[in-house]
Structure formats: C-alpha cells, structure tokens
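Architecture and fold: a report
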Amino acid sequence: MQGEQPYSRISDEERRKFLKVLGVASAAATGGSAIDDVTLGDLRDLVAVESAGEFARRGEAIRNDLSGSLDAELLATEMAGVADAIADLSAVRAAGVPDRGEELYAELTTPAWRIDDHLTEVGFYASAEANLPRFTSEHIERMTKQLVHTASLAETLSEVGFGEHEQTALVANVVSQADRLALWEPTWVLEEAPVEEVNPDYVSPLQKRAASGALLWIDGLDKHLRQNQVLLTDELLDDGIADVRAMLGGFYLLSAAADRLGRGEISDEELTALVSGSTAMLIASQTDLQYDLVRITDEMRAPRTGGD
C-alpha cells in the first residue's frame with residue numbers, strides 16, 4: 001500500500017445503511033463472513049442500476065458543454081504528482097507537527113492546484129454543475145448504485161494505493177453524509193431561490209468548491225497543527241492523515257474522469273458517475289477533517305500537563 005493510513009473508519013451501522021441504500025439485505029448476501037468484508041466487487045451482481053439512461057444523457061451534456069479543450073499531457077503529468085503526494089503521506093505523518101517555515105501539507109497540493117486551474121479554464125466545473133443534479137437522497141442513491149457498477153472507480157483508486165475495503169468505505173461514507181451533502185447547493189439553485197447577501201455571480205460551481213475547498217483545507221494544516229500542537233494526540237493526527245488521503249484520492253478520481261474525457265476514453269454514464277462520486281467524496285472527506293482534527297472537543301484533545 002502506498003499510503004500508510006488506510007481510509008476504513010466506517011462503522012457497522014454506516015455499512016448497513018450503505019447496503020440498505022443499495023437494496024442489499026445484508027452482508028451475508030454478498031458471501032462475506034463479516035460486514036467489514038464487503039467490497040464493491042462483491043456488490044456488483046447484487047445491485048440493479050435504474051439510472052444508466054439518465055446518467056448517459058447528463059454525461060453527454062457535460063462533454064458537449066465544455067468551453068475549451070482538455071490538455072491530456074498536463075493532466076497526466078499533474079496526476080502523477082497527485083499520486084506521489086498520496087504516496088508521500090506516510091512521511092508527512094512520520095514528521096508529526098510541521099516546524100515553523102515547513103509546508104509539509106501545502107507542498108502536497110501543488111500539482112492538484114495546477115489541475116484545478118486547468119479544469120476551471122476549460123469550463124469543466126461549469127459544465128459539470130450545469131448538467132448534474134443537486135445532492136438529494138434520490139440522486140445519492142442512484143449515484144451510489146451507478147458507482148458500484150463503474151469498474152473504473154476501483155481501477156483508478158487502486159492506481160494510488162486504495163485497497164478494496166477502502167474503496168467501499170469511501171463510497172459508504174458518501175451515503176452516511178447525505179444530509180451534509182445536501183447543504184452544498186449548485187449555483188443555479190441560488191439563482192432560482194436567492195439567498196440574502198449571497199450573489200451567485202461570485203459563487204463558484206459546486207464541483208470547484210468541493211475540489212478547491214479540499215485543497216485549501218490541506219494547505220491550512222501546516223499552520224493549524226503548529227499553532228495547536230499542544231491539543232493534538234497521535235490518534236487525531238492519524239485521523240487527519242486518513243482524511244487528507246481521502247481528499248487527495250477523491251481529487252485524483254475527479255482528475256482521472258477529466259483525463260479520460262479529454263482522451264475520449266470514458267462513456268457518458270461513467271463520466272456522470274465519476275464526477276458526481278468524486279465530488280461527493282471531496283465534500284465528505286473535508287467535512288470529516290473538520291470534525292476529526294480541526295474542531296476538536298475537550299474530550300478529544302491531549303491531556304493537560306503542568307499546573308491546574
């Protein structure tokens with residue numbers, strides 16, 4: 001495994017909810033001896049997809065509405081950089097809290113920012129937002145079933161070291177965070193139902209907010225950890241690394257969808273599933289980071305030492 005902090009912190013209750021959304025009665029139905037053993041491959045033959053036609057129409061629209069051309073060479077080069085960043089996470093964790101002047105976390109995102117700039121320039125984010133539905137319970141259910149049937153999801157995450165159970169955990173986490181995903185509204189929702197003091201002209205497409213937001217959280221960790229090191233435990237740092245790993249994995253998946261679109265090597269329904277799924281993973285993992293490492297409670301923090 002390239003990274004050293006596997007993303008697998010999904011409870012049995014969350015896994016059961018995931019299976020219920022998929023319409024699978026129990027883990028036993030998959031042939032697994034325990035609920036932790038369920039993989040996306042186990043589920044593929046058990047889950048029916050009802051949205052392939054809708055996903056194909058949306059994917060075709062994303063493809064047709066691009067305002068520029070995707071640069072295959074740039075994407076391939078920078079995706080290799082994102083893969084290296086994921087592989088470097090074990091060294092970042094071993095270093096502990098960054099010293100003053102160190103940018104252990106910010107350096108991880110440099111190639112991802114170059115991809116983000118390119119996707120913005122060619123209208124990838126804008127096209128995705130214009131043609132994808134908001135995150136409702138119904139969309140998340142259809143998206144999850146489609147993801148189970150999208151073999152390239154597992155292939156792509158495997159390229160950067162995510163094992164089968166981690167892949168399942170990433171998708172299951174999206175289901176468990178359905179309420180939080182619903183709070184991320186597309187710009188067109190703001191235009192249809194204006195919110196006071198929010199001008200949609202200055203709001204980025206949802207997919208860009210998800211991607212750039214994840215990168216900004218990673219960039220801010222050097223300063224946050226340094227300033228708050230007295231509060232931190234090894235467990236908090238481990239959880240934070242796992243969340244960063246999930247964010248970079250989601251970003252790599254989004255980039256891979258764009259890369260295959262540029263090369264003409266992705267089907268329309270696959271494009272919809274991977275863009276929707278990676279966006280949801282980016283949102284879910286940056287939300288996890290906030291509660292795992294940033295907004296910690298007194299019960300989570302390191303014990304106080306010294307006087308009263």
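Look above for the structure.
Calculation notes
Residues numbered from 1 in each chain as written. Predicted model: local features only at pLDDT ≥ 70, side-chain atom pairs only at ≥ 80, totals over all residues. Heavy atoms only, no water. Helix = DSSP H or I, 4+ residues; strand = E, 2+ residues; numbered from the N terminus. Buried < 20%, exposed > 50% of the residue type's maximum accessible area, 1.4 Å probe, protein only. Phe/Tyr/Trp six-rings, centres within 6.5 Å; stacked < 30°, edge-to-face > 60°. Salt bridge = Lys/Arg side-chain N within 4 Å of Asp/Glu carboxyl O.

The next subject is unusual backbone geometry. The backbone phi angle of Glu197 is positive, close to 70°, even though this residue is not glycine. Within the secondary structure layout, Glu197 lies in the loop between helix H12 (187-192) and helix H13 (206-219). By relative accessible area, Glu197 is classed as exposed at 80%.

Now for the packing of aromatic side chains. According to the stated counting rule, one finds one aromatic pair in the structure shown. With a centroid separation of 6.2 Å and 70° between ring planes, the pair formed by Phe124 and Tyr125 is classed as edge-to-face. Considered together, Phe124 and Tyr125 belong to a single accessibility category, that of buried residues.

Our focus in this paragraph is the pattern of salt bridges. Under the defined criterion, the tally for this structure stands at 13 salt bridges. Across the pair Arg63 and Asp268 runs a salt bridge, and its minimum N-O distance is 2.7 Å. Placement of the pair is Arg63 in helix H3 (residues 52-64) and Asp268 in helix H16 (residues 268-294), with a sequence separation of 205 residues. Judged by its relative accessible area of 19%, Asp268 falls in the buried class. Put simply, Glu54, Arg58 and Arg142 are held in one network by salt bridges that share partners.

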